[in-house]
Amino acid sequence: SGVRDYINLMIMGGINFEDYTMDDDALAAIVRQKALDFPPGSEHNYSNSGYFLLSQIIKRVSGKTFREFAQERIFTPLGMSNTRILDDHLAVIPHRATAYGPHPGGGFGVEMSNWEQTGDGGVQTTVEDLAKWDRNFYDPKVGGPWLIEQLQTTGTLNDGEKIDYARGLMVSEYRGLRRVSHSGGWAGYRAELIRFPDQKLSVVTLCNLGTTNPTALAQQVADLYLADKLAPAEAVAAANPKAPASGNVDASRYAGIYWSSATGFVRRILARDGKLFYFRGQDNESELAPQGGGRFLMLGVPDKAEVSFPSADPGAPRRMQVAVAANGKPMIFEEVQPASPRPEDLVAYAGTYTSAELDTAWTLVVEDGRLSLRIKRRPAAALESAFTDAFASQAGLIRFQRDGEKKVTGFVVSAGRTRDLKFTKTSG
């Protein structure tokens, strides 16, 4: 749809996971938006807003809360007696596992949420109940065969290109076998359900530690059970994080900083010990295994991802393409030159910036020779220079705008599921 992800919007507006929010807050965040991320149907980008809006339609048409509707029409008929949708953060859920995450000072801290929005999450369930949910795809008591078929029908973009995403499910192929899956995460909870329908094998993995990787764990279980049915793994299979890169490559030929004007993403290609690494920021990187002709497979990711470097005309900026099967169209990146602004240059960026679409203000200050971002109820976070007038931050990529006199007038920020959100400078 191109509708911006309301979770991104609320977090960018200074709302934390532990804050109390409800449907009206999410709806207001969506309604305030002045633009879409892209024309509907032109590309695919997961957005929680669509699922939230569906729950609002159900609520208005049925006259019941989504929790009541799901209990009556889905969970009870399937015998899912330990499943409910949480739309009251004060409700007591028997036997609920607390979610955790690493604590900055060492050890672990609680990572829970008091958000009450429904449609895109908030399902309290168990492995046993999800097995009952999964069985409905073989014997559809709820929805019938037609709905089950629709849920697993993958999407087609406006130009006819197919994607692996269906309706809340990923439908792809893994080592010669058809695979239906979807992962999820919220606060410190992580989940994955993988189904191999032809072999009637499903793996459900639920975790209450935010640093776990349920997708990798579930796939490893499936690999064991389906070992005699899976096609031989390629030496550089993307699902194998330990697969060695093969072949010789001049790593320095591709190393650099690349920016996607469509998504706002900045990626670094790092050369280290004769190998290439795809760096997303904050110690998040994947090794690239050479395939020849400027093509590389990304290792250690759940879906097949290929990085390629098309030949460029002499003197032209280098380009990079990143193709992920689930998304259809590849992301196009252009090389940008790094910038190293002096401390005195940073003063031009300092000031207060407001966004009508977020109903909030961000403040930029120069501290100890560095530019820092302050958002309400958040600790100050340092910004890292990415390229000219662009800085990477925990809130996303900030690109400053200037007027004809080269004065900074505002910026746009892109953060994954939200692109080019506008801020105007209101004071210096």
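Scroll up for the structure.
Since we're looking at a predicted model, the values are computed, not measured.

### Some details on the overall build of the chain
Turning to step 1, where the next piece is worked out: Each helix and strand in the chain was counted, giving eight helices and 27 strands.
Turning to step 2, where the next piece is worked out: For a compact globule of 428 residues, the expected C-alpha radius of gyration is about 22 Å, and the chain comes in at 23 Å, within 12% of that figure.
Turning to step 3, where the next piece is worked out: Oriented by its inertia axes, the alpha-carbon framework of the chain measures out at about 65 × 55 × 50 Å.
Turning to step 4, where the next piece is worked out: For the chain, the proportion of its 428 residues judged to be buried stands at 40%.
Turning to step 5, where the next piece is worked out: Element-wise, carbon and sulfur atoms account for 52% of the exposed surface of the chain, whose accessible area totals about 22200 Å².
Turning to step 6, where the next piece is worked out: Of the charged side chains in the chain, 48 are positive and 50 negative, and the gap between their average positions amounts to 1 Å.

### A short note on the pairing of strand S21 (residues 370-374)
Turning to step 1, where the next piece is worked out: When strand S20 (residues 360-367) meets S21, the two strands line up antiparallel, connected through five bridges. Note that in S21 the partner of Leu 364 across the bridge is Leu 373.
Turning to step 2, where the next piece is worked out: In textbook terms, the turn of a hairpin is the stretch between consecutive antiparallel strands, and for S20 and S21 this stretch comprises two residues, one of which, Asp 368, has a positive phi near 55°.
Turning to step 3, where the next piece is worked out: In this structure, S21 lies alongside strand S22 (residues 381-382), joined through two bridges in antiparallel fashion. Considered in S22, the bridge of Leu 373 is made with Ala 381.
Turning to step 4, where the next piece is worked out: Joining the antiparallel neighbours S21 and S22 is a turn of six residues, in which Arg 377 adopts a positive phi near 60°.

### Quick look at the nonpolar core
Turning to step 1, where the next piece is worked out: Trp 362, Phe 400 and Phe 411 are the most contacted members of the largest nonpolar core, which has 30 residues in total.
Turning to step 2, where the next piece is worked out: Per-element tally for this core: the top contributor is helix H1 (residues 6-12), with five residues.
Turning to step 3, where the next piece is worked out: Contact partners of Trp 362, with chain neighbours within four places excluded, come to Met 12, Gly 351, Thr 352, Tyr 353, Leu 373, Arg 374, Ile 375, Ala 395, Ile 398, Phe 411, Val 413 and Phe 423.
Turning to step 4, where the next piece is worked out: By size, the runner-up hydrophobic cluster in this structure holds 16 residues, among which are Ala 251, Ile 269, Met 298 and Val 301.

### A look at the pattern of salt bridges
Any two side chains of opposite charge can pair if their charged atoms end up close together.
Turning to step 1, where the next piece is worked out: Overall, the coordinates contain 22 salt bridges when judged by the stated rule.
Turning to step 2, where the next piece is worked out: Among the ionic pairs, Arg 4 bridges to Asp 37, the shortest N-O distance being 3.2 Å. One end of the pair, Arg 4, is in the segment before H1; the other, Asp 37, is in the loop between helix H2 (23-31) and helix H3 (48-62), and 33 residues separate them in sequence. Accessibility assignment for this pair places Arg 4 and Asp 37 in one class, buried.
Turning to step 3, where the next piece is worked out: Where salt bridges share partners, they join Arg 4, Asp 37 and Glu 357 into one cluster.

### Comments concerning H2
Turning to step 1, where the next piece is worked out: Of the positions making up H2, those classed as buried are Asp 23, Ala 26, Ala 29 and Ile 30. When H2 is viewed along its axis, its buried side chains cluster within an angular range of 130° and face the same direction. Across H2 from its buried face, at more than 90 degrees, point the exposed residues Asp 24 and Val 31.
Turning to step 2, where the next piece is worked out: The secondary structure elements touched by the buried residues of H2 are H1 and H3.

### As for the environment of Arg 319
Turning to step 1, where the next piece is worked out: Tracing the backbone through its elements, the reader meets Arg 319 in strand S17 (residues 319-324).
Turning to step 2, where the next piece is worked out: Through-space distance from the C-alpha of Arg 319 to that of Ser 308 is 8.6 Å; in sequence the pair is 11 residues apart.
Turning to step 3, where the next piece is worked out: Once you skip the residues sitting within four places of it in the chain, Arg 319 turns out to touch Tyr 258, Ser 308, Phe 309, Pro 310, Ile 332, Phe 333 and Glu 334.

### Brief notes about the sheet that holds strand S27 (residues 421-427)
Turning to step 1, where the next piece is worked out: Reading across the sheet, the nine strands line up as S22-S21-S20-S19-S27-S26-S25-S24-S23 and stay open at both edges, with antiparallel pairing between neighbours. For this open sheet the edge positions go to S22 and strand S23 (384-387), each flanked by a neighbour on one side alone.
Turning to step 2, where the next piece is worked out: Where strand S19 (residues 351-355) and S20 come together, five bridges link them in antiparallel fashion. Across the sheet, Thr 352 pairs through a bridge with Thr 363, a residue of S20.

### Regarding the packing of H2 against H3
Turning to step 1, where the next piece is worked out: Contact geometry for H2 and H3: axes closest at 11 Å, N-to-C directions at 120°. For the element pair H2 / H3, the angle class is oblique. With respect to the hand of their crossing, H2 and H3 are arranged in left-handed fashion. Contacts from Asp 23, Ala 26, Leu 27 and Ile 30 in H2 reach Ser 49, Phe 52, Leu 53, Gln 56, Lys 59 and Arg 60 in H3.

### Section: unusual backbone geometry
Turning to step 1, where the next piece is worked out: If you check the backbone angles, Ala 187 has positive phi at about 50° while not being a glycine.
Turning to step 2, where the next piece is worked out: The topology assignment puts Ala 187 in the loop between strand S8 (177-186) and strand S9 (189-196).
Turning to step 3, where the next piece is worked out: When its relative accessible area of 7% is taken as the criterion, Ala 187 is described as buried.
Turning to step 4, where the next piece is worked out: If you check the backbone angles, Lys 200 has positive phi at about 55° while not being a glycine.
Turning to step 5, where the next piece is worked out: Inspection of the secondary structure assignment puts Lys 200 in the loop between S9 and strand S10 (201-207).

So, how was this worked out
- Residues numbered from 1 in each chain as written.
- Predicted model: local features only at pLDDT ≥ 70, side-chain atom pairs only at ≥ 80, totals over all residues.
- Heavy atoms only, no water.
- Helix = DSSP H or I, 4+ residues; strand = E, 2+ residues; numbered from the N terminus.
- Rg over C-alpha atoms; globule rule 2.2 N^0.38 Å.
- Buried < 20%, exposed > 50% of the residue type's maximum accessible area, 1.4 Å probe, protein only.
- Areas by Shrake-Rupley, 256 points an atom, 1.4 Å probe, with all protein chains shown as cover.
- Lys, Arg positive; Asp, Glu negative; His and termini not counted.
- Charge placed at Lys NZ, Arg CZ, Asp CG, Glu CD.
- Pairing = 2+ DSSP bridges.
- Core = buried A, V, L, I, M, F, W, Y, C linked by side-chain atoms within 4.5 Å.
- Contact = heavy atoms within 4.5 Å.
- Salt bridge = Lys/Arg side-chain N within 4 Å of Asp/Glu carboxyl O.
- Arc of directions from axis to C-beta.
- Axes fitted to C-alpha atoms, helices over the stretch in contact; angles between N-to-C directions.
- Parallel < 35°, antiparallel > 145°, perpendicular 65-115°, else oblique.
- Left-handed = near helix turned anticlockwise from the far one by under 90°.

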